[in-house]
There are 2 protein chains.
Amino acid sequence: MPLVKQIRRRGGLERLAKQHGLRLTRQRRLIFAILESAKTHLNAKQILEQAQRLEPGIDQVTIYRNLGVLKRLGVVDELDLLHLRGDQHYYEARQVRAHSHVACLACGKVFEFYTSAIKTIDRELEKECGFSVSFTRIEIGGQCAACRKSGREAPLPRKGKQAR
Amino acid sequence: MPLVKQIRRRGGLERLAKQHGLRLTRQRRLIFAILESAKTHLNAKQILEQAQRLEPGIDQVTIYRNLGVLKRLGVVDELDLLHLRGDQHYYEARQVRAHSHVACLACGKVFEFYTSAIKTIDRELEKECGFSVSFTRIEIGGQCAACRKSGREAPLPRKGKQAR
DNA sequence: ATGTTATTGCAACTGAGTTGCAACAACAGA
DNA sequence: TCTGTTGTTGCAACTCAGTTGCAATAACAT
Ligand SMILES: [Mn+2]
Ligand SMILES: [Mn+2]
Ligand SMILES: [Zn+2]
Ligand SMILES: [Zn+2]
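Residues numbered from 1 in each chain as written. Chains lettered and ligands numbered in written order. Predicted model: local features only at pLDDT ≥ 70, side-chain atom pairs only at ≥ 80, totals over all residues. Heavy atoms only, no water.

Considering unusual backbone geometry
Residues and elements named next belong to chain A.
Point 1. With phi around 50 degrees, leucine 81 is a residue other than glycine that occupies positive phi space.
Point 2. Within the secondary structure, leucine 81 sits in the loop between strand 2 (76-79) and strand 3 (90-93).
Point 3. A residue is classified by how much of its surface remains accessible, and leucine 81, at 3% relative accessible area, is buried. (Helix = DSSP H or I, 4+ residues; strand = E, 2+ residues; numbered from the N terminus. Buried < 20%, exposed > 50% of the residue type's maximum accessible area, 1.4 Å probe, protein only.)

Below, the structure written as structure tokens:
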């Protein structure tokens, strides 16, 4: 599941945590660093494994609890990526500009798509409904250009334990 | 979690199933009927419970398998609704017009939002990336007009077993 | 230095969704 | 209408992402 990601300026999470009165533990710093340097969307297990390289004792529950905090603060977004690979969720530090996640159902590739239409939706929602948008998650499924040319047709299992 | 839904023309799923060579079992017809008449987004458990009223022997595995088929055929969409209520997913028969799902993090209300910006995104993606869109899932979190006025501030637990 | 309290690790748990398999029933063809 | 084929079902056991309770630990304010 290769993809390109813009990297959030490092140190941002740490600064933000301080602002909210969070204690800067070794584990927390580590998780921040992993999220800020991630070049791909990571699920909790991947974050855990990466963290354990530097901090062997760290537990998955610490990962989940910190992801929970970061989600609530609105600095990390939780993604489903259409559950193409199973039931896990994926995480990414929120970027300056909102973007959509686009997944090819044929080859599994995921990429990010930037468009001003996201802002348009948010604006409409605020004006027409008086709704104050905190975050917008857009996930699109379909067939990528490469798979279209090669005629690959989405035989990819949409879910299941085997596809791990 | 009240909301208004457009009702899909009934019988559509049955016709479509026939076209794809699916056998019309009693259980399947029942699931189709439930999906086509749903006035709210249903999770698998709710579909099961509703089905068991008319078909007490029906098992959850039958629900899941049929939802799987319908997803693959592209006639039913799977939604997360931001996992505001836990880890389940929700299902709805695909409507003629695509729409976004908007959830208030303060009161839990979910509503549907129709905008031409969805088509815009799909069109851009096709033109700029050569990507052929099969479905677009847009889920937006924030604060609804009522909660804004009353000052309710999203103390709603974003997840967890207790919130069931 | 010390006390307060947020945070961690452990272990047991929860529950949505899946799997294997034998029994069943749609439905096409005779 | 009977019959064979095979898609579909129910059951039971399972998987695994994520959660909970609790005691031990460690930030960090004073
Ligand atoms: Mn999900
Ligand atoms: Mn809907
Ligand atoms: Zn592809
Ligand atoms: Zn509200």
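And the narrative resumes.
Brief notes about the environment of isoleucine 118 of chain B
All names here are of chain B.
Point 1. Mapped onto the secondary structure, isoleucine 118 falls in helix 5 (residues 117-129).
Point 2. Residue isoleucine 118 is classed as buried on the basis of its relative accessible area of 3%.
Point 3. As a C-alpha pair, isoleucine 118 and alanine 98 span 20 residues in sequence and 7.2 Å in three-dimensional space.
Point 4. Once residues within four sequence positions are removed from consideration, isoleucine 118 is found in contact with Ala98, His99, Ser100, Thr136 and Ile138. (Contact = heavy atoms within 4.5 Å.)

Observations regarding a positive patch on the surface
Residue and element names in this part refer to chain A.
Point 1. On the surface, a cluster of positive charge is contributed by Arg97, Lys119, Arg123 and Lys127.
Point 2. You can see lysine 119 is positioned in helix 5 (residues 117-129).
Point 3. Residue classification places lysine 119 among the exposed positions, given a relative accessible area of 55%. (Patch = residues over 30% accessible without salt bridge, like charges linked within 9 Å, V, L, I, M, F, W, Y side chains within 5 Å. Areas by Shrake-Rupley, 256 points an atom, 1.4 Å probe, with all protein chains shown as cover. Salt bridge = Lys/Arg side-chain N within 4 Å of Asp/Glu carboxyl O. Lys, Arg positive; Asp, Glu negative; His and termini not counted. Charge placed at Lys NZ, Arg CZ, Asp CG, Glu CD.)

Observations regarding the interface of chain B and chain A
Quite often, the size of an interface is put as the accessible area lost when its parts meet.
Point 1. In this complex, chain B contributes 43 residues to the contact, which on the side of chain A involves 42 residues.
Point 2. Interface area, chain B with chain A, both sides summed: about 3,500 Å², of which 62% is carbon and sulfur.
Point 3. If you sort the residues of chain B by the area they bury against chain A, Phe131, Phe135 and Arg137 of chain B come out on top, with a joint share of 18%.
Point 4. For arginine 137 of chain B, the salt bridge identified is with glutamate 139 of chain A, shortest N-O distance 3.6 Å. (Buried area = accessible area lost by both parts, 1.4 Å probe.)

Remarks on the side chain of glutamate 78 of chain B
All names here are of chain B.
Point 1. Mapped onto the secondary structure, glutamate 78 falls in strand 2 (residues 76-79).
Point 2. A residue is classified by how much of its surface remains accessible, and glutamate 78, at 7% relative accessible area, is buried.
Point 3. Here lysine 71 takes part through its side chain, which lies 3.1 Å from a polar atom of the side chain of glutamate 78.
Point 4. In this structure the side chain of glutamate 78 is engaged in a polar contact, spanning 3.1 Å, whose partner is the side chain of tyrosine 91. (Polar contact = N/O pair within 3.5 Å; in protein donor to acceptor, adjacent residues only side chain to side chain.)

Focus: the pattern of salt bridges
All names here are of chain A.
Point 1. Counting across every chain of the model gives twelve salt bridges over all chains.
Point 2. Aspartate 77 is the salt-bridge partner of arginine 94, the closest N and O atoms lying 2.9 Å from each other. Remark: aspartate 77 occurs in strand 2 and arginine 94 occurs in the loop between strand 3 and strand 4 (100-104); sequence separation between them is 17 residues.
Point 3. By relative accessible area, aspartate 77 is classed as buried at 16%.

What to know about the side chain of glutamate 92 of chain B
All names here are of chain B.
Point 1. Relative to the helices and strands, glutamate 92 is located in strand 3 (residues 90-93).
Point 2. Given a relative accessible area of 5%, glutamate 92 falls into the buried group.
Point 3. Separated by 3.0 Å, the side chains of glutamate 92 and histidine 99 make a polar contact.

Some words on the relation of the copies chain B and chain A
Point 1. Under the fitted operation, chain B is carried onto chain A by 0.0 Å of movement along the axis and a turn of 180 degrees, and the coordinates agree to an RMSD of 0.0 Å. What we have between these two chains is a two-fold relation. Across chain B, the smallest distance between a C-alpha and the rotation axis is recorded for isoleucine 138 of chain B, namely 2.2 Å.
Point 2. Comparing contact sets, 98% of the residues at the interface of chain B also lie at the interface in chain A, consistent with an isologous, same-surface contact. (Least-squares fit on C-alpha atoms with pLDDT ≥ 70 in both.)

Focus: the packing of helix 2 (residues 26-37) of chain B against helix 3 (residues 44-54) of chain B
Residue and element names in this part refer to chain B.
Point 1. Across the interface, helix 2 lies against helix 3 with an axial gap of 10 Å and an inter-helix angle of 125 degrees. On the basis of their axis angle, the class for helix 2 and helix 3 is oblique. Remark: the crossing between helix 2 and helix 3 carries right-handed chirality. Contacts between helix 2 and helix 3 involve Leu30, Ile34 and Leu35 from the first element and Ile47, Gln50, Ala51 and Leu54 from the second. (Axes fitted to C-alpha atoms, helices over the stretch in contact; angles between N-to-C directions. Parallel < 35°, antiparallel > 145°, perpendicular 65-115°, else oblique. Left-handed = near helix turned anticlockwise from the far one by under 90°.)

Concerning the coordination of the manganese ion (ligand 1)
Each angle at a metal carrying four tetrahedral donors should ideally be 109.5 degrees, and each at a metal carrying six octahedral donors should ideally be 90 or 180 degrees.
Point 1. For the manganese ion (ligand 1), the protein coordination sphere consists of Asp80 of chain A (OD), His83 of chain A (NE2), His89 of chain A (NE2), Asp80 of chain B (OD), His83 of chain B (NE2) and His89 of chain B (NE2), at 1.9 to 2.5 Å.
Point 2. Viewed at the metal, the six donor atoms of the manganese ion (ligand 1) are separated by angles of 68 to 157 degrees, and the geometry they form is irregular. (Donors = N, O, S within 2.8 Å, 3.2 Å for Na, K, Ca; no water. Tetrahedral: all angles 85-135°; square planar, octahedral: opposite > 155°, others 65-115°.)

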